[in-house]
Amino acid sequence: MSLTTIPIDHLPPGHAVHIALFHSVANAAFLHEQLLAGNTDFEYALIDASVIVSKVQILAAAFRAINDNLEGRLRTRNVHSEIVFCLSPNNNIAESFRRFGVSPTTTSLIAIKTTSPSSPPSLTPATIQEHLASAVEGKQVPFSDEELGTVTDWARVRKVYKLPLVGQQGKKRGLSGEEKKEEEEKERREGVNGSHNIYKLCDWPLNQYQNQRHHTRSKKDNEENEVLWKFISVQYKKTGFRHAQSHPLLLQTKPV
């Protein structure tokens, strides 16, 4: 199984991410120890795949991390730890590592390596693949939405992104009918963080999104779309990306 190499749009030429997905990982504790020890041979973004719902989530986090690195505004040790941090819907670094990073109990793992024009010539997709194949004790599978979907832990995802259970919206004790309606409207508009209005950011009418998102998709698709929409919009808001509505990553999650 080969590595997936993806160039990232809207970045200077020569920047790419190399991604491998592993199932049935048996040595997650060892990999976790290497990160804690700062072993430079294991300078990867090692992510627990159970809290990832789509490739788009990974690519958006990689874009933000590489962009922040180029702008000199990393908040963590390097661009790889920054990718893990960028998956989080809030700014708590320790919490982002705990929720999204590899842990001793991880069984499905996403390993990400970034390269740039300044990377050593010896750092190629082939050498990255060779090192991962020898370092990770697990079954490497294609980095695809289908494979990710087999390991997504939706209970954890809902908790991390504060998604209500389907059918639970509006069931708020102690509120009148009108108050419940106002509270639901506020939550839909504000997404993960009250200061990041995902609807204004993307310039799509609220009523269009509300009318279509629950009528054109299955229950699973609705949940996945909700996670991606909140996540990507927040990331682009934080990076100051001014044309998010035209970016291909966001267009993939646009309601149909």
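In the block above lies the structure referred to throughout.
Cut-offs and rules
Residues numbered from 1 in each chain as written. Predicted model: local features only at pLDDT ≥ 70, side-chain atom pairs only at ≥ 80, totals over all residues. Heavy atoms only, no water. Buried < 20%, exposed > 50% of the residue type's maximum accessible area, 1.4 Å probe, protein only. Helix = DSSP H or I, 4+ residues; strand = E, 2+ residues; numbered from the N terminus. Pairing = 2+ DSSP bridges. Core = buried A, V, L, I, M, F, W, Y, C linked by side-chain atoms within 4.5 Å. Contact = heavy atoms within 4.5 Å. Arc of directions from axis to C-beta. Polar contact = N/O pair within 3.5 Å; in protein donor to acceptor, adjacent residues only side chain to side chain. 1 Å grid on protein atoms, 1.4 Å probe; cavity = no way out; pocket = protein on both sides within 12 Å on 5 of 7 lines; lining within 4 Å. Points joined across faces, edges and corners; volume = space filled by probe spheres on them. Nonpolar A, V, L, I, M, F, W, Y, C, P; charged D, E, K, R; others polar. Salt bridge = Lys/Arg side-chain N within 4 Å of Asp/Glu carboxyl O.

The buried fraction of strand 4 (residues 109–115) amounts to 7 of the 7 residues, a majority that puts the element mostly inside the structure. Summarising the sheet, strand 2 (residues 16–23) and strand 4 pair through 7 bridges and their orientation is antiparallel. Across the sheet, residue Ala16 finds its bridge partner in strand 4, namely Thr115.

Time to look at the nonpolar core. Grouped together as the largest cluster of nonpolar side chains are 35 residues, with contacts concentrated most on Val17, Ile19, Ile47, Ile58, Ile83, Ile110 and Ile112. Listing elements by their share of this core, those giving two or more residues are strand 2, strand 3 (45–48), helix 2 (55–70), helix 3 (79–86), strand 4 and helix 7 (154–161). The dominant element in this core, judged by the number of residues it contributes, is helix 2, at 7 residues. In contact with Ile58, other than residues within four places in its own chain, are Ile19, Ile47, Ile52, Leu87, Ile110, Ile112 and Phe143. Counting 16 residues, the second largest nonpolar core, distinct from the first, contains Phe22, Leu31, Leu46 and Val102.

This brings us to helix 4 (residues 93–100). Because each turn of an α-helix spans 3.6 residues, side chains separated by three or four positions in sequence point in the same direction. Residues Glu95, Ser96 and Phe100 constitute the buried set of helix 4. Angular distribution of buried residues about the axis of helix 4 spans 105°; they occupy a single face of the element. You can read the cap of helix 4 off the contacts: a side-chain oxygen lies 3.3 Å from the backbone nitrogen of Ala94, and it is on Asn92.

Its boundaries defined by the atoms lining it, the second largest pocket holds a volume of some 390 Å³. Surrounding the second largest pocket, 20 residues form its lining, Leu35, Tyr44, Arg77, Ser81 and Phe97 being those nearest its centre. At the level of secondary structure, the elements contributing two or more residues to the lining of the second largest pocket comprise helix 1 (28–37), strand 3 and helix 3. Of the residues in the lining of the second largest pocket, the class split is 9 nonpolar, 9 polar and 2 charged.

Turning our attention to the pattern of salt bridges. Evaluated as defined, the whole model comprises 5 salt bridges. Between Asp68 and Arg64 there is a salt bridge, with the nearest N and O atoms lying 3.5 Å from each other. Taken together, the positions of Asp68 and Arg64, both in helix 2 and 4 residues apart, correspond to about one turn of that helix. Among the residues examined, Asp68 registers a relative accessible area of 5% and is labelled buried. Judged by its relative accessible area of 6%, Arg64 falls in the buried class.

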